[in-house]
Amino acid sequence: MFRPKIPTMPVPTGLGTPPAVVEQTAITPNAGTPPVAPTAPTPLRPTVQLAPGTVLALVGGGTAVVLVLGAVLVSLLLAVAITGASVAVCAVVLRSLLASDAKRR
């Protein structure tokens, strides 16, 4: 009752598809088209030229992103530290309550 029943593999009855027939084809050489002359590659995108004001804006934006991300990470770390301290205080209080209750009996 508790033994697993392993299914048996079905035996193939024959070929599923008939074998493909390969026919020989004659290879004809190319008619001799002249080679295409190489051309200079055209750029896909125009080059970007940054003005001094644009560079300052990019640096300022990057600095703002780093500062905001740092503030968020520090606040998360502080929240974890406060939570851990409060759990530790609760554990000490519960331990002292249980110890004093055991002494009274």
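Structure: see above.
Residues numbered from 1 in each chain as written. Predicted model: local features only at pLDDT ≥ 70, side-chain atom pairs only at ≥ 80, totals over all residues. Heavy atoms only, no water.

## Observations regarding the overall build of the protein chain
Condition: What counts as a helix is a DSSP run of H or I of at least four residues, what counts as a strand is a run of E of at least two, and both are numbered from the N terminus. Burial classes: relative accessible area under 20% of the type maximum marks a residue as buried, over 50% as exposed, and values in between as partly exposed (1.4 Å probe, protein chains only). Areas reported here follow the Shrake-Rupley algorithm with a probe of radius 1.4 Å; residue values treat only the protein chains shown as occluding.
Helix and strand content of the protein chain: 1 helix and 0 strands. Put simply, the protein chain has 105 residues, and 0% of those count as buried. Accessible surface for the protein chain amounts to roughly 11,000 Å². Of this, 72% is attributable to carbon and sulfur atoms.

## Description of helix α1 (residues 52-104)
Formally: Expected span, for any helix, means 1.5 Å times one less than how many residues it has.
Taking 1.5 Å per residue as the helical rise, α1 with its 53 residues ought to reach 78 Å, and the 79 Å between its terminal C-alpha atoms agrees with that figure. Along α1, only 0 of the 53 residues are buried, which leaves the element largely exposed.

## Some thoughts on a nonpolar patch on the surface
Put simply, the rule reads: Patches here are clusters of residues that have more than 30% relative accessible area and form no salt bridge, with a 9 Å joining cutoff for like charges and a 5 Å cutoff for nonpolar side chains (Val, Leu, Ile, Met, Phe, Trp, Tyr). Every case where a carboxyl oxygen of Asp or Glu lies within 4 Å of a side-chain nitrogen of Lys or Arg is listed as a salt bridge.
On the surface, Val-48, Leu-50, Val-55, Leu-58 and Val-59 cluster together into a nonpolar patch covering about 490 Å² of accessible area. Structurally, Val-48 can be placed in the segment before α1.

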